[in-house]
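So the chains spell out like this:
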Amino acid sequence: MSHMHVAGTIHADATSAAPVWLVKPTDANALVDGLWSQTAARVDDGQLRIGGLTAAEIVEQAGSPVYVVDELDFRGRALTWAKAFEGWGVYYAGKSFLCTTVARWIEQEGLNLDVSSLGELTVALRAGFPPERIGLHGNNKSVDLLRLALTAGVGRIIVDSAHEIGRLEQLTAELDTRAQVLIRVTTGVEAHTHEYIATAHEDQKFGFSIAGGQALVALVRCFHSPRIDLKGIHSHIGSQIFDTNGFEVAARRTLRLMSQFKEATGVTLDELDLGGGFGIAYTIDDTPATVHDLAASLTDIVDHECRGYGLERPKLSIEPGRTISGPAGTALYTVGTTKDVEIGGGNTRRYISVDGGMSDNIRPALYAAEYSAVLASRTSGATPVLSRVVGLHCEGGDILVRNVFLPGDIAPGDLLAVPASGAYSRSMASNYNHTPRPGVVAVRDGKITPLVRRETLDDLLGLDAGLQA
């Protein structure tokens, strides 16, 4: 959602105070239930502690800013999905956050893995992840990517275009192998989420349209292709979705397509993947469903629709990403400056600048995503004031937390913690303004394990061809 204003979206709420959902807390030090990872807590001296380490200890060892992954929380969420969806294929969406260690965690907790690029597939294979448990996504898979997937023995390729079918037919003949595929379809569902992360309406880049007939054509073509093993249908309606209404419509339309395919070929497809996109809580305004409620509801939806079309329940699969990595991650920042700004109507907003910004979390600028924050290095008895946490970049839209009440005595050197930062923060990070990307560390039982090394200026300059004399 964007606020419209003649001077631009970032000024649209300049004469408004806090949004209606944001309530001034009685205790700005409290950690709101549902926003934090499993081991996050306040210790006796008031510091935030995660994985047995205080925020100050983590920053001392890992630097600032830094992404902190609560290993027990991450593993616990993965295992919860595996158990709640027992009998389903559960594929962790690696695009939310992936490194070799995380890939190993995912395997150890019994999940499969989704990748969507040559880089992600390479990380998974370097981690030793079983290729037969990998699913490959992407709307423009290169020949090199498809060749690697086929030679490595990737378990399923989610096909997104007629050109891709042709590439697979050529490569499988060249390599004397077979491709296991699902056809990604566009169901026409308007998911209640931001336009950029709604992926099942007709006017977007992913999938074959069911309504336009292209999906059935693609299914039949793959079915008759001599080296393609057609396994089923894939559907994904969007991201950060809190209910199953859209999934119900998507299931109805994909199962109708399965019925039409059976009528055309006499064959029943084996598998239906309902995608991912399940939301998490970033603020007190977010109320996501529990994993067990989702499992029960989605199973009921599929069974009901199968009965309607006279189909046996296919093998089902699902693709959680954000719901595993998101709440497990916390971003830590150091405050550099503060200033109070009059915004009209007798209202004031405090701007708190930190040592990160849109280069380490683009989502607020890209999607107008809302986050929360707390003072992490101490507790405070100061009155909470309406604040905005902003970054160090040369952009007016460089906002990390648009609306939050923080203690009025926050000062340079204090540490701030932003919960639910484990998904799409490091994955979408950039080097804007030639800023090195933060490191990622796992914390568990008082120990830090580096996951992704912090970048240095030497790393950036190492890519500058003008210096390679």
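Right above here is the structure, for reference.
Residue indices begin from 1 for each chain and proceed along its sequence in written order. With pLDDT at 70 or above as the cut-off, local features in this predicted model cover only qualifying residues; side-chain atom pairs require 80 or more to be listed or tallied, and sums for whole chains, interfaces and linings still use all residues. The side-chain numbers reported here are obtained from all heavy atoms of the structure, hydrogens and water having been left aside.

Each helix and strand in the protein chain was counted, giving twelve helices and 21 strands. What you see for the protein chain is a C-alpha radius of gyration of 24 Å, in line with the 23 Å of a compact globule of 469 residues. For the protein chain, the C-alpha atoms occupy an extent of roughly 70 × 55 × 45 Å along the three principal directions. With 469 residues in all, the protein chain has 52% of them scored as buried. The contact rule is simple, with two residues in contact once any of their heavy atoms fall within 4.5 Å. By sequence separation, contacts in the protein chain at least 24 residues apart represent 70% of the contacts at least 6 residues apart. Computed with a 1.4 Å probe, the accessible areas rest on the Shrake-Rupley method; for each residue, only the protein chains presented here act as cover. Total accessible area on the protein chain is roughly 19800 Å²; 50% of this is exposed by carbon and sulfur atoms. When charges are tallied, Lys and Arg are placed among the positive residues and Asp and Glu among the negative ones, while His and the ends of the chain are skipped. By convention, the point assigned to a charge is CZ for Arg, NZ for Lys, CD for Glu and CG for Asp. The distance from the centre of the 41 positive side-chain charges to the centre of the 55 negative ones in the protein chain is 3 Å. Secondary structure elements follow DSSP: runs of H or I of four or more residues count as helices, runs of E of two or more count as strands, with numbering from the N terminus. Atoms counted for the radius of gyration: C-alpha only. Globule rule: 2.2 Å times residue count to the power 0.38. Exposure categories follow from relative accessible area, calculated using a 1.4 Å probe and restricted to protein chains: below 20% of the type maximum is buried, above 50% is exposed, and the middle band is partly exposed.

A word on the pairing of strand β8 (residues 156-159). The alternating pattern of β8 places R156 and I158 on one face and I157 and V159 on the opposite face, and all of these are buried. Two strands pair if DSSP finds at least two bridges between them. Pairing of strand β7 (residues 134-136) with β8 involves two bridges; the strand directions are parallel. Note on β8: the bridge partner recorded for G135 is R156. Pairing of β8 with strand β9 (residues 179-186) involves three bridges; the strand directions are parallel. Looking at β9, one finds that V159 is bridged to I183. Throughout, right-handed denotes a crossover for which the path from the first strand over the helix to the second runs clockwise when the strands point away from the viewer. Between the parallel elements β8 and β9, the chain passes through helix α6 (residues 162-175) in a crossover that is right-handed.

With that settled, consider the side chain of S325. Looking at where S325 falls in the secondary structure, it is placed in helix α10 (residues 322-325). Exposure remark for S325: the relative accessible area of 3% places this residue in the buried category. Other than its neighbours up to four places away in sequence, S325 contacts F74, Y92, S96, F97, G422 and A423.

This next bit is on the sheet that holds strand β2 (residues 48-50). Two modes of strand pairing occur in sheets, parallel and antiparallel, and in both the strands are linked by backbone hydrogen bonds. The three strands are arranged β1-β2-β3 in an open sheet whose pairing can be described as antiparallel. Looking at strand neighbours, the two that pair on one side only are β1 (41-42) and β3 (53-54), the edges of this open sheet.

Before going further, it helps to examine the packing of aromatic side chains. Pairs were defined over the aromatic rings of Phe, Tyr and Trp, the Trp ring being its six-membered one, requiring ring centres within 6.5 Å. Orientation was assigned from the angle between planes: stacked under 30 degrees, edge-to-face over 60, tilted for the rest. Enumeration according to the criterion identifies eight aromatic pairs in this entry. On the basis of an interplanar angle of 90 degrees and a centroid distance of 5.5 Å, the ring pair of F223 and F261 is categorised as edge-to-face. One end of the pair, F223, is in helix α7 (residues 214-224); the other, F261, is in helix α8 (residues 245-265), with 38 residues separating them in the sequence. For F261, a relative accessible area of 0% translates into the label buried. Connected via pairs of aromatic rings, a cluster forms that spans W81, F85, W88, F247 and F278. Here the basic side chain of R184 rests over the ring of F206, its NZ or CZ set 4.3 Å away from the ring centre. In this scheme, the term charge over a ring applies when either NZ of a lysine or CZ of an arginine sits within 6 Å of the ring centre and within 35 degrees of the ring normal.

On the surface, D44, D45, E57 and E60 cluster together into a negatively charged patch. Here E57 lies in helix α1 (residues 55-62). A relative accessible area of 34% means that E57 is categorised as partly exposed. Candidate patch residues must exceed 30% relative accessible area and have no salt bridge, after which like charges are joined if within 9 Å and Val, Leu, Ile, Met, Phe, Trp or Tyr side chains if within 5 Å. Salt bridge, as used here: a side-chain nitrogen of Lys or Arg that lies within 4 Å of a carboxyl oxygen of Asp or Glu.

A few words on unusual backbone geometry. Of note, the amide linkage connecting S64 to P65 takes the cis form, showing an omega dihedral of -5 degrees. Structurally, P65 can be placed in the loop between α1 and β4 (66-70). For Y424, which is not a glycine, the phi torsion comes out positive at approximately 70 degrees. The class of Y424 is buried, set by a relative accessible area of 12%.

Here the focus is the pattern of salt bridges. This model, assessed by the stated rule, comprises 23 salt bridges. Residue E71 is joined to R444 by a salt bridge in which the shortest nitrogen-to-oxygen separation is 3.1 Å. With a gap of 373 residues between them, E71 in helix α2 (residues 71-84) and R444 in strand β20 (residues 439-444) connect regions that are remote in the sequence. The closest approach of N and O atoms between E305 and R252, which form a salt bridge, is 3.4 Å. A residue pair is termed long-range when its members are at least 10 positions apart, and E305 in helix α9 (residues 291-309) and R252 in helix α8 qualify at 53 residues. What makes R252 partly exposed here is its relative accessible area of 28%. Connected through salt bridges with shared partners, the residues E71, R75, E109, R444 and D445 form a single ionic network.

Moving on to α1. For α1, the set of buried residues is A55, I58, V59 and A62. All buried residues of α1 fall inside an arc of 95 degrees around its axis, so they share one side. What points out from α1, more than 90 degrees from its buried face, is the exposed set E60 and Q61. Phi turns positive one or two residues past the end of α1, at G63, with a value near 85 degrees. Taking the helix axis as origin, the arc is that swept by the directions to the C-beta atoms.

On the secondary structure map, S259 appears in helix α8. Ignoring sequence-local partners within four residues, the contact set of S259 consists of Y309 and L311.

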